[in-house]
Amino acid sequence: MIESRRPVSLGWLALLTLAYFVAGKFGLSLAVVNASVSPVWPPTGIAFASFLVLGPRVWPAILLGAFLVNVTTTGSIVTSLGIAIGNTFEGRLGADLVRLFANGRDVFNRSRDVFKFVVLAGLLSTTVGATIGVSSLMLGGNAQWREYPAVWFTWWLGDAVGALVVGPVLVLWSTRIGVALSRMRRLEGVGLFATVSAVGTLVFYGFIGQPLTFLCLPPLVWAAFRFGQRETAAAIAILSGLAIGGTLRGLGPFADGPRNESLLLLQAFLGTMAVMSIMIAAVVAERKRDEAALAHLASIVEFSDDAIIGKTLEGVVTSWNAGAERLFGYSAAEAVGRPISIIIPPDHPNELLRILARLKRGEHIQPYETTRIRKDGTRVQVSVTVSPLRSSSGTIIGASAIGRDVTEKKRVDAALREAATLRSVASLAVAAAHEINNPLTVVSGELQLLAREAEARWGGRITSMLEALDRIREVVSRMNQITRLEPAERQRHLPDMLDLEKSSGRPEPPADDPERDRAL
């Protein structure tokens, strides 16, 4: 995904620094194992979303916010700077990995990209941040090395859940949607968030130690199926806030143990719910897009003027669109389930078998022209394109045939060929007239001179010859005036050498063809 090149204003940077500082102070207020380590760390989600949405130029705001949070806690500038560098690098790394491998800002549109987000931004980049941060604490003398595993796990889990819960909310709600919700859908949305709040209050403020966490799932599934990723992420954030508040007050199913242990268990639960809910929302969104695409394709197929037919490898019709109904006369109810041979002429018995055999072997079928039979028994010339139908595993399970009526096209082509032939004959007649006229003039002149010399003895014969030449000259003159030829009624006993179709090598149509060509 292409990064935004727009500069980030100082106002936005200041606001981002303040947001990070406030969220960080809230997180550290819940610290137990170390003053700088909290099992709840929303700033990770803020840093990730900022780098993903606004680009890498926000790093000064994240670095400054992280530094201020820690320096006002530990008082050590070097340690605070090391932690701030780790927090900044963590957010930048997660955003860059998502941008490179998980579709950037559209990461929550597809389930496979959501999974990549969980691995790259939720698990991998937070590992780097926790390692740098905890190592900075140990090197600065703010913690004992024997505490490294417990401190590291608390740090990492807090960062991971912060990325999984807070990051999606900020990324998804930073993008405008172009579709306005109807009044009923807005009312349903109010009901959804009211239900989430009610369930969160019941589970985390109602009964201590009771395993009621399963009640959190139905509202999240409702959000995923009826709304989308934005509303699902918001529902998770609301539920997380209620869960953390109740657990801190010693209420809810995770409040039985020590505070840090309770918060860690709660964070594991919230992270799992966030991943599953957003994944479900992405799957639902994908399904809706696929259904819309399939409906669009189905509309194209159904209203196409061409006959589009689906069939199994055994030749049984599985689909029959409106174009096929118009072309062949069979309705879809009449054709589906019957063999495709109902439209194949009896004199083409092996055509279907050859095509299906080639499809089974995976061969490409070139478009070809053939004859088909309508329901009323009449024949129609069609151009056929055959394509294989494959299953999700790539196995050929059937064939799709697109048929187009080319009867009129063939008639037009035949008329054009005949017109071209007639133009050629006309040109030949004019050329022949020119070629005959020149020697004819010479012969006529010589005979006239000979008639004067021969006088009475040969005069009658020469006169007859001159009259014949005049008749030839008249014929040549008419040939010279030809501009076009038109077909006339075919003569049934026309000699082969004068039959235009026979002489041109074209087959003669049947005698009962109503569109039979006419000869000169």
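Here's what I pulled together on the structure shown here. (Residues numbered from 1 in each chain as written. Predicted model: local features only at pLDDT ≥ 70, side-chain atom pairs only at ≥ 80, totals over all residues. Heavy atoms only, no water.)

### Focus: helix H13 (residues 351-360)
Short version of the rule: Relative accessibility decides the category of a residue: with a 1.4 Å probe and only protein chains considered, values under 20% of the type maximum give buried, values over 50% give exposed, and everything between is partly exposed. In DSSP terms, a helix is any run of H or I states spanning at least four residues, a strand is any run of E spanning at least two, and both are numbered starting from the N terminus. Comment: arc refers to directions from the helix axis out to C-beta atoms. Here, residues are in contact when the closest pair of their heavy atoms is within 4.5 Å.
Turning to H13, its buried residues number three or more, namely Glu351, Leu352, Ile355, Leu356 and Leu359. Relative to the axis of H13, the buried residues are bounded by an arc of 120° and lie together on one face. Turned more than 90 degrees away from the buried face of H13 sit Leu353, Arg354 and Lys360, all of them exposed. Against the buried residues of H13 lie strand S1 (307-312), strand S3 (368-373), strand S4 (379-390) and strand S5 (396-405). Residue glycine 362 follows H13 closely and has a positive phi angle near 80°.

### So, the packing of helix H8 (residues 217-226) against helix H9 (residues 229-248)
This is how the line gets drawn: The angle between two axes is taken between their N-to-C directions and runs from 0 to 180 degrees, where each axis is a line fitted to C-alpha atoms and a helix contributes only its stretch in contact. Comment on the angle field: the value is read as roughly parallel under 35 degrees, roughly antiparallel over 145, roughly perpendicular from 65 to 115, and oblique elsewhere. Two helices crossing with the near one rotated counterclockwise from the far one by less than a right angle form a left-handed crossing, whereas a clockwise rotation gives a right-handed crossing. All residues other than Ala, Val, Leu, Ile, Met, Phe, Trp, Tyr, Cys, Pro, Asp, Glu, Lys and Arg, Gly among them, are scored as polar; the first ten of these are nonpolar and the last four charged.
The geometry of H8 relative to H9 is characterised by a closest axis approach of 8 Å and an angle of 160° between their N-to-C directions. Classed by the angle they form, the pair H8 and H9 counts as roughly antiparallel. Judged by the twist between their axes, the crossing of H8 over H9 is right-handed. Here Leu220, Ala223 and Ala224 of H8 lie close against H9, whose contacting residues are Glu231, Thr232, Ala235, Ile236 and Leu239. Residues that form the contact of H8 with H9 fall into these classes: 6 nonpolar, 1 polar and 1 charged.

### So, the sheet that holds S3
Backbone hydrogen bonds are what pair the strands of a sheet, in a parallel or an antiparallel way. Here is the rule: If DSSP finds at least two bridges between two strands, the strands pair.
If you trace the 5 strands from one edge of the open sheet to the other, you get S2-S1-S5-S4-S3, paired in antiparallel fashion. The sheet is open, and its two borders are formed by strand S2 (317-320) and S3, each paired with just one other strand. On average, each strand axis in the sheet is tilted by 35° relative to the strand beside it, whichever way the strands run.

### Observations concerning the side chain of serine 36
Along the polypeptide, serine 36 turns up in the loop between helix H1 (10-28) and helix H2 (43-54). In this view, serine 36 contacts Leu28, Asn70, Thr73, Thr74, Leu137 and Trp155; residues no more than four positions away in its chain are not counted.

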